[in-house]
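As a plain string of letters, each chain reads:
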Amino acid sequence: MATPRVEDNRPGQHLLEELKWVHERIREDLRVCEDLARRASEGLSPADVRAEISSLQTNSPLWKLRVNCLYYCRFVHSHHNAEDILLFPAIRASNANLARVADKLEADHRSVSDRLDEVEAAADALVVDDAVDARARLVTALGDLESDLLAHLDYEEEAIGPAILEWDRWPLR
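Everything numeric here is computed off the predicted structure, so don't read it as measured data.

Asker: Explain the environment of Leu-149 here, please?
Answerer: Tracing the chain through its elements places Leu-149 in helix 5 (residues 132–165). Taking the C-alpha atoms as reference points, Leu-149 and His-109, 40 residues apart in sequence, are found 8.7 Å from one another. Discounting chain neighbours no more than four positions away, the residues touching Leu-149 are Ile-26, Leu-30, Tyr-72, Val-76, His-80 and Val-112.

Set out below in structure tokens:
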């Protein structure tokens, strides 16, 4: 889902494109993690899982997925924290009608954070106990994360994208 480049010099257009670009990297890297988890649940040996994790790379200049899905979880936590601190206050300041939307997005972040924590715990547990149940736990955790996170990203882009497009400067200056 590449965002088409629009010839538009409004600062809000550039910010929205950047937000969507970061979200697409998150979506792509989640697919990589899920594929590895699926293959692990199907019996890929722990040695092969570790070997693949150490060789994984994304095309994203944001970061390389080299250690495991924990890197991914930490990145998403960090991205959402930055939105909570910087973006959502700016949304509220620029458009009071979006206060409830910002509140929902922050609540989504807390829910996604819980999902990310479960992925991290499941990944840690897999290292200690390479049983079928441990593998299934990781697959389930990633599936739950996918459901919540992708819905959140889509909603965020749709709900605040139009407001960001209207910005000609950062609203909190």
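Asker: How should the packing of aromatic side chains be read in this particular structure?
Answerer: The relation between two aromatic rings is expressed through the spacing of the ring centres and the mutual angle of the planes. Taken as a whole and assessed by the stated rule, the structure comprises one aromatic pair. Their ring planes at 80° and their centres at 5.3 Å tell us that Trp-167 and Trp-170 sit as a pair that is edge-to-face. Residue Trp-167 is classed as buried on the basis of its relative accessible area of 7%. The class for Trp-170 is partly exposed, based on a relative accessible area of 29%. In this structure, Lys-104 packs its charged tip against the face of Tyr-155, placed 4.7 Å from the ring centre.

Asker: Hey, could you run me through the side chain of His-109 in this one?
Answerer: With respect to the helices and strands, the residue His-109 is situated in helix 4 (residues 99–128). Residue class for His-109 comes out buried when judged on its relative accessible area of 4%. There is a polar contact of 3.4 Å between the side chain of His-109 and the backbone oxygen of His-80. Once residues lying within four places of it in the same chain are set aside, the contact partners of His-109 are His-80, Glu-83, Asp-84, Phe-88, His-152 and Glu-156.

About the thresholds
- Residues numbered from 1 in each chain as written.
- Predicted model: local features only at pLDDT ≥ 70, side-chain atom pairs only at ≥ 80, totals over all residues.
- Heavy atoms only, no water.
- Helix = DSSP H or I, 4+ residues; strand = E, 2+ residues; numbered from the N terminus.
- Contact = heavy atoms within 4.5 Å.
- Phe/Tyr/Trp six-rings, centres within 6.5 Å; stacked < 30°, edge-to-face > 60°.
- Buried < 20%, exposed > 50% of the residue type's maximum accessible area, 1.4 Å probe, protein only.
- Lys NZ or Arg CZ within 6 Å of the ring centre and 35° of its normal.
- Polar contact = N/O pair within 3.5 Å; in protein donor to acceptor, adjacent residues only side chain to side chain.

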